[in-house]
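Fold and contact review
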Amino acid sequence: MAAAAATPARPTRRTGSAKRQQLIGKIVVNTVLALICLAWTIPTLGLLASSIRTRADIANSGWWTIFPHQQFVTTGTVDLPRETDLRQPITLPAELGGGTYTADQITAGVTIPDGRRITWENRRGRVVAIQGTQWGANTNFTLENYQNVLSGRKFTYIAADGSEKTEQGDDLWGALLNSIAVTVPATIIPILIAAFAAYGFAWMRFPGRFLLFTLVVALLVVPLQVALVPILRDYVNLDLNGTYMAVWLAHTGFGLPLAIYLLYNYVSQLPRDILESAFIDGASHFTIFTRLILPLSMPALASFAIFQFLWVWNDYLVAFIFIGNQPGVQVLTMRLVDMAGSRGQDWHVLTAGAFVTMIVPLIVFFSLQRFFVRGLLAGSVKG
Amino acid sequence: MQSTEVTPRRMAASSSETLNPGRLVVALLLFAVLMAFLWGGFVFLRDAQRNDSVPKLLLAVLAIVWGVAGAGGFFYTMNMVVEQLPGNARRLLTPFVFVGPAVLILLWFLALPTLRTLYLSFFDANSIEFVGLNNYVAVFTERTMLTAFRNNLLWMIFGTAGCVVAGLIVAVLADRSNFESLAKALVFLPMAISLVGAGVIWKFIYYYAAPGQTQIGLLNAVVTGFGGQPQAWTTLVQPWNNFFLILILVWLQTGFAMVIFSAAIKSISEDMLEAARVDGASEVGIFFKIMIPTIQGTILTTTTTILIFALKIFDVVLVMTGGQYGTNVIAVEFYRQLFTAGDNGRGSAIAIVLLLAVIPVMVYNLRQLNRQEVF
């Protein structure tokens, strides 16, 4: 410090103010960006926080009360005269400030002159509660919501009115397994088929090559709604509906144009010398493809794999149409839509359920983000 | 991109120019065995799934093995068969071993269905009676569809603009901030979340409780915290409720735009920016006069991608409102016509309308392909 002070840099006034301006700019940039990031994160954070709160807590307080905040705590009660008419304005006793309020105002809570808050403790019994503020946080966390949504068994809980109730679990564990069984092959199969095709288009000449590649590019943006009805009919004829295979094939078909297009761009730019020397050594196309092209294309394959994985995992429409009402095969997104429809108020279940559907994609996303971004940058438009 | 083909100069020692019947038979046998394995596996998986006789985890693993081994084995045995053929036939057929399966699947799952859907769109609900253009007339005159068209326009205009503008802002800010990769990861994160999951997240944010009750939805808690009245945002005064749904798209897709813009901005030469700064250009001036024009090609393709995404928006609306309260969109109406009303003709016509909407993009892509002189 002393050394720095001893050797003044003799800045001119101009650069000094420029520096200050730069500093202010930096602070503004970082603050604005931090606010944006906060806004973007809060929805997910709220879901995660809610999913580990108890059923009663979620229903009675916002998830943000898990952070320290000033909350009202009842410090005592006062009995109003039994004959108090709730339809008339109520005058509180002198010890409570003597103000006059309607019963509904008291229901919402009124603040009396000394800062304390008055609300009903027991409206019918004409008892009011005196509340003071105190710092606190609702940190009553539990994993029970997750247990209940994952299991398919019945479970009991104590409802708000004290009675014991039985509910059916949502069997999201089974749906999670279904999602895995649907997604992994629906990711690998199209990649394999597309890699072969990309090599064929890039390094082989055959009649109809241009026409067929034009078809691939044309199909890039075709909305899959166009294909659903006819394929559903084919599936009914083949008795394929409600099987994993139905969904794999469908996702393979819908994912292929982009897969071929991306992999073609990559494979066609591999250095020509490598392939030629392999041919001189007498290798066949098949050997070159499996021994050379596949290993060399790993970055592109990984990028597309993540793309396709997230797309299939998060898909609802294709799964809904080809799995339909087969409860044993339903994937996570389908189960979540059902839950959102039938249990729209049960936020303890919905938040936990939603987070269960998100866990795998989030893991994939965070561990392989680099490849994902690379895939996005290489890709164009997905149909 | 190379336009000449690489051809084997010399044949591999193992394969000869003449037909080898013994080897061909073996290869064909292997292919037949594989087909039997695929069929047997398929029947087993289908029935085990339906009567729940196998533990689910085992079934999932078996399904994965079956599917992946089947696809790999298919290429392997097909190639074996073709390699046993004499030279000319082999040279002619080998490319089709490579591109054949992909082309067949594309034909089955996309190309032919498009034509078949077009055909179905001229028939009645049960695809029996020819009704001409009646389905299209209904699609373009019915109130629900007109609402859906209007809403899709709102989604495409405001949703896309929101994503592109927010994406640009975040990309530029992140580039100058001290926590670039963290900021980008956080904004990008919703890309990993399903539209259904996002629907549940935002349903919770927009949750409405009657005045006087505790608001557990974030937005209503903020509104009442400032002394306002709680609102049922998604069923609110129409058409404004649509904007609360569109906000979800912006939350989801801004990350996509941001990542692409960020890469584009980083590729702008530092010298050019520095030169502008030396000439006294302000940061805002640099943004509008240098950055935007330089990356306008990227902005165009990103905008197109999000436009198509907004055109086909479905899951979010389905989860949030089911298309009720004047929030219907084309894809939800397609779903309702097909699966609630059971009207194949009308559903097909709506799907064709979606297809027509993306035709300009398709034409543009094909033009680009021709310009590349790839072939």
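Think of each chain on its own: its residues are numbered from 1, step by step along the sequence as written. Whichever chain is written first becomes A and whichever ligand is written first becomes 1, with later ones labelled in order. For a predicted model such as this one, the threshold for reporting local features is a pLDDT of at least 70, and the threshold for listing and counting side-chain atom pairs is 80 or more; totals across whole chains, interfaces and linings nevertheless cover every residue. The basis for every side-chain value is the complete set of non-hydrogen atoms in the structure, without hydrogens or water.

Further remarks concern the overall build of chain B. A run of DSSP states H or I qualifies as a helix once it reaches four residues; a run of E qualifies as a strand once it reaches two. Both are numbered from the N-terminal end. Tallying secondary structure elements over chain B gives 15 helices and zero strands in all. When we talk radius of gyration, it's over C-alpha atoms, and the globule rule is simply 2.2 Å times the number of residues to the 0.38. Relative to the 2.2 N^0.38 estimate, which gives 21 Å for 375 residues, the radius of gyration of chain B is 28 Å and therefore markedly larger than a compact globule would have. Across its three principal axes, chain B shows a C-alpha extent of roughly 85 × 65 × 50 Å. Buried residues in chain B amount to 50% of all 375 residues. Of the contacts formed within chain B by residues at least 6 apart in sequence, a portion of 67% connects residues at least 24 apart. Note on areas: Shrake-Rupley with a 1.4 Å probe; residue coverage comes only from the protein chains shown. Surface exposure of chain B reaches about 17,200 Å², of which carbon and sulfur atoms provide 67%. Any residue under 20% of the maximum accessible area for its type is buried, any over 50% is exposed, and the rest in between are partly exposed; the area is computed with a 1.4 Å probe on protein chains only. By definition in these notes, contact holds between two residues if any of their heavy atoms fall within 4.5 Å.

This part is about the state of the cysteines. When the sulfur atoms of two cysteines come within 2.5 Å, that pair is taken as a disulfide. Applying the stated criterion to the full structure yields zero disulfides over all chains. Here Cys37(A) is not cross-linked by a disulfide; its sulfur's nearest cysteine counterpart is in Cys163(B), at 16 Å. On the basis of relative accessibility, which here comes to 5%, the residue Cys37(A) falls in the buried class.

With that settled, consider the sheet that holds strand β4 (residues 110-111) of chain A. All names here are of chain A. For two strands to be treated as a pair, DSSP must find no fewer than two bridges joining them. An order of β1-β6-β5-β4 is seen for the four strands of this open sheet, with the pairing classed as antiparallel. This sheet does not close on itself; its edge strands, each paired only once, are β1 (69-79) and β4. Alignment of strand β5 (residues 117-122) against strand β6 (residues 127-136), held across five bridges, turns out to be antiparallel. What sits directly across from Asn122, in β6, is Val127.

Residue and element names in this part refer to chain A. Residues Phe155 and Tyr157 line the buried face of strand β7 (residues 154-158), whereas the alternating positions Lys154, Thr156 and Ile158 sit on a face that is not buried. Where β7 lies against strand β8 (residues 164-168), five bridges are found, and the strand directions are antiparallel. By the bridge assignment for β8, Phe155 is matched with Glu167.

Note: interface size is frequently given as the accessible area lost on complex formation between the parts. Listed per partner, the contact involves 120 residues of chain B and 132 residues of chain A. Accessible area that two parts lose when put together, with a 1.4 Å probe and added across both, is what the buried area reports. Between chain B and chain A the total buried area reaches about 11,500 Å² when both faces are included, carbon and sulfur atoms providing 76% of it. A side-chain nitrogen of Lys or Arg and a carboxyl oxygen of Asp or Glu constitute a salt bridge if their distance falls within 4 Å. Where chain B packs against chain A, one counts one salt bridge. Linking Asp234(A) and Arg116(B) is a salt bridge whose minimum nitrogen-to-oxygen distance equals 2.9 Å. For this analysis, a polar contact is any N or O atom pair within 3.5 Å, provided that within protein one partner can donate a hydrogen and the other can accept it, and provided that sequence-adjacent residues contribute only side-chain to side-chain pairs. Seen at the junction of chain B and chain A, the total is 14 residue pairs in polar contact (both at pLDDT 80 or more). Here the side of chain B that touches chain A takes 21 residues from helix α3 (residues 87-120) of chain B, the largest share from any one element. For the side of chain B that touches chain A, a count of residues per class yields 83 nonpolar, 25 polar and twelve charged. Charged means Asp, Glu, Lys or Arg here, nonpolar means Ala, Val, Leu, Ile, Met, Phe, Trp, Tyr, Cys or Pro, and polar covers whatever is left, Gly included.

Below, the discussion takes up the pattern of salt bridges. All names here are of chain B. This structure, assessed with the given rule, holds eleven salt bridges over all chains. Notably, a salt bridge pairs Glu333 with Arg336, separated by 3.2 Å at the nearest N-O pair. Residue Glu333 and its partner Arg336 are both found in helix α14 (residues 330-340); the two are separated by three residues, about one turn of the helix. Judged by relative accessible area, Glu333 falls into the buried class, the value being 2%. Look at the salt bridges and you will find they share partners, linking Arg176, Glu270, Glu274, Arg277 and Glu283 into a network.

Residue and element names in this part refer to chain A. In this structure, the second largest pocket spans a volume of roughly 1,100 Å³. Among the elements that line the lining of the second largest pocket, the one with the most residues is helix α2 (residues 13-51), at nine residues. Across the lining of the second largest pocket, the residue classes tally to 16 nonpolar, five polar and nine charged. Two kinds of site are reported from a 1 Å grid over the protein atoms alone, namely cavities, where a 1.4 Å probe fits but cannot get out, and pockets, open sets with protein on both sides within 12 Å along at least five of seven lines, and residues are called lining when an atom falls within 4 Å of a point. Grid points are joined across faces, edges and corners, and a volume is the space filled by probe spheres set on the points.

Residues and elements named next belong to chain B. For the purposes of this description, domain bounds are those given by an automatic or database domain assignment. In terms of domain boundaries, chain B breaks down into domain 1 (8-120) and domain 2 (135-371). Between the C-alpha centres of domain 1 and domain 2 the distance comes to 41 Å. Of the residues lining the interface, four residues belong to domain 1; the matching set on domain 2 comes to six residues. Approximately 380 Å² of surface area, both sides summed, lies buried where domain 1 meets domain 2, with 74% of it carried by carbon and sulfur atoms. For the domain 1 face of the interface with domain 2, the top three residues by lost area are Thr117, Leu118 and Leu120, together amounting to 82%. Remark: the boundary between domain 1 and domain 2 carries zero salt bridges. Our count for the contact surface shared by domain 1 and domain 2 stands at zero residue pairs in polar contact (both at pLDDT 80 or more). Partitioning the side of domain 1 that touches domain 2 into residue classes produces two nonpolar, two polar and no charged.

Turning our eyes to something else, we now look at unusual backbone geometry. Even without being glycine, Asp239(A) reaches a positive phi, approximately 55°. Tracing the backbone shows Asp239(A) in the loop between α8 (225-238) and α9 (244-267). Looking at Asp239(A), the relative accessible area reads 38%, which means it is partly exposed. Not every positive phi belongs to a glycine, and Ser127(B) is a case in point at roughly 60°. Mapped onto the elements of the fold, Ser127(B) is located in the loop between α3 and α4 (134-141).

The subject of this paragraph is the pairing of β6(A). Two faces make up the sheet, and in a regular strand the side chains alternate between them. Most of β6(A) is tucked away, with seven of its ten residues classed as buried. Linking β5(A) back to β6(A) in an antiparallel pair, the connection comprises four residues, with Arg126(A) at a positive phi of about 60°.

Time to look at the confidence of the model for chain A. All names here are of chain A. pLDDT runs from 0 to 100 and stands for how confident the predictor is about each residue. Averaged over all residues, the pLDDT of chain A is 82; the fraction at 70 or higher stands at 93%. Across chain A, the element-wise mean pLDDT spans from 42 in helix α1 (residues 2-6) up to 91 in helix α7 (residues 209-219). Counted against residues more than four places away or in other chains, residues 1-12, with its pLDDT under 50, gives zero contacts.

Time to look at the environment of Ile105(B). Its location among the elements puts Ile105(B) in helix α3. Sequence-wise, Ile105(B) and Phe122(B) are 17 residues apart; in three dimensions their C-alpha atoms are separated by 26 Å.

With that settled, the discussion passes to the packing of aromatic side chains. Within 6.5 Å between ring centres, the rings of Phe, Tyr and Trp (the latter by its six-membered ring) count as paired, and their orientation is classed by plane angle as stacked under 30 degrees, edge-to-face over 60, tilted in between. On inspection of all chains with the given rule, the structure shows 44 aromatic pairs over all chains. An angle of 35° between the planes, with centres 6.0 Å apart, marks the rings of Phe196(A) and Phe286(A) as tilted. With Phe196(A) in helix α6 (residues 172-203) and Phe286(A) in helix α11 (residues 285-296), this pair connects stretches of sequence that are 90 residues apart. Like Phe286(A), Phe196(A) is buried. Members of the aromatic cluster, each reached through a chain of ring pairs, are Phe196(A), Tyr199(A), Phe286(A), Phe289(A), Phe31(B), Phe74(B), Phe75(B), Tyr76(B) and Phe98(B).

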